[in-house]
Amino acid sequence: MALSALRVDLSPVGGETTGSFIGRLAEANVVPVGQVLGLLGAGSVREPDWRACEVFLSEQALRGLAVLAGRDVECLRRALPTVADRGPERSEGRPVRIAAWSVGWQVLAECAGCAARRSDGLRPAWLAGGTAWEVCVRHGRWLEGADASSHVSLAAVADVVCAHKAWLGLRRRVGPYAQALLADAGQVVWYWWRGRQMGSETVWAGRERALGWERRPAGVPLVTYPEVVRVAECMAVHERQRRWGREFDNGAPGWVSRHWITWVGERLGLAAEMERAGYRALRAWTMEHCITTPVADRLRQLPPPRDYRRGPLPVMDPHRALPERGPLLEASCLPWRP
């Protein structure tokens, strides 16, 4: 039977889970979710908890959903992240399969401010991501977990929003390798926080007070985020030089680590703290990210292209293939774990 558009069409929210979109499409048309799923070939089913499971569609079912929603297929491909997932959930030949989330996916509740801006008046969406948190720059909120009540207003720590904008810029410039650098930076800063080094008693304690928090491990990603992004930016500078066998700031071989680490401390506004103890964690990172080209070969090599400080970076040792999604720390080369 040929499908036709439902009475009320609907656009998906960017990053929305397929199940969430189907649920909101059903709500907009005042029909049971099971009816929409049935039209796509699912048979008789009840609406499940979309925080715990997802709908995986065959190509034919995806085209059917596009017809029902009054949108083209490419619109759904761009907006619904799991449409591109070719994991085992989609290998059984069924038009529609509802299955528990596979490893690596994280479900986040949509920002309440973003939901309120939409004119459809429907329930907030569930978002599918590769990390356990996200930042809504528009409304200044830290999104973590599938419970919207756990979202945190960043009004008192506006530098976290600024840091996220900086991170988005770094990711655009560097490409996928930026994720590994952010993971490494996060591990370095976690080491500092755990050891009460660097900004633990000053900058990070100040953000904790502004949020009304006590010192707690669960809050580390938020309260340290600006410094994590700044360290990742510094690591990108290091890696651009290393890619071409150059020492930081054109220094002599063997000089790179101390000079670069001092510069990172200055960039963080924590130069004295870096000199006191913070250098140890960064020194461990530089040992993993050292230049392996012999000095004699480096002295003979041609200078890098004039634009080497711009453009994407390739994935470099010791990193290999980067995980597509999952906990950020899994992309790090450093051994420390919370």
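The preceding data block contains the structure.
Residues numbered from 1 in each chain as written. Predicted model: local features only at pLDDT ≥ 70, side-chain atom pairs only at ≥ 80, totals over all residues. Heavy atoms only, no water.

S.K.: Before we go on, may I ask you to explain the pattern of salt bridges in this structure?
M.R.: Close approach of charged atoms allows side chains with opposite charge to pair. In total, this model carries 15 salt bridges according to the counting rule given. Between R51 and D49 there is a salt bridge, with the nearest N and O atoms lying 3.1 Å from each other. For D49, a relative accessible area of 38% puts it in the partly exposed group. Note that E201 is salt-bridged to R196, the shortest N-O span being 3.1 Å. Three or more residues joined by partner-sharing salt bridges are found here, namely E59, E74 and R77. (Salt bridge = Lys/Arg side-chain N within 4 Å of Asp/Glu carboxyl O. Buried < 20%, exposed > 50% of the residue type's maximum accessible area, 1.4 Å probe, protein only.)

S.K.: Just checking my understanding: could you explain the packing of helix 1 (residues 18–28) against helix 3 (residues 59–69) for this structure?
M.R.: Any two packed helices are characterised by how steeply their axes cross, that is the angle between the axes, and by the distance between the axes. For the pair helix 1 and helix 3, the least separation of the axes is 11 Å and the interaxial angle reads 35°. Where helix 1 crosses over helix 3, the handedness of that crossing is left-handed. Taking contact as the criterion, the partners of T18, F21, I22 and L25 in helix 1 are, on helix 3, L65, L68 and A69. Looking at the contact of helix 1 with helix 3, its residues break down into six nonpolar, one polar and no charged. (Axes fitted to C-alpha atoms, helices over the stretch in contact; angles between N-to-C directions. Helix = DSSP H or I, 4+ residues; strand = E, 2+ residues; numbered from the N terminus. Left-handed = near helix turned anticlockwise from the far one by under 90°. Contact = heavy atoms within 4.5 Å. Nonpolar A, V, L, I, M, F, W, Y, C, P; charged D, E, K, R; others polar.)

S.K.: What's the story with helix 10 (residues 225–243) in this structure? I'm lost.
M.R.: An α-helix turns once per 3.6 residues; consequently, residues spaced three or four apart project the same way. The terminal C-alpha atoms of helix 10 lie 26 Å apart, and with 19 residues this matches the ideal 27 Å at 1.5 Å per residue to within 8%. Most of helix 10 sits out of view: 16 of its 19 residues are buried. Looking one or two residues beyond helix 10, the residue adopting positive phi is G245, at roughly 70°. (Expected span 1.5 Å × (residues − 1).)

S.K.: Whenever I open this one, the packing of helix 7 (residues 177–194) against helix 12 (residues 271–288) confuses me. Can you help?
M.R.: Contact geometry for helix 7 and helix 12: axes closest at 10 Å, N-to-C directions at 145°. Judged by the twist between their axes, the crossing of helix 7 over helix 12 is right-handed. On the side of helix 7, the interface is formed by L181, D184, V188, Y191 and W192, while helix 12 contributes M274, G278, A281, L282 and W285.

That is the geometry; function is a separate question.
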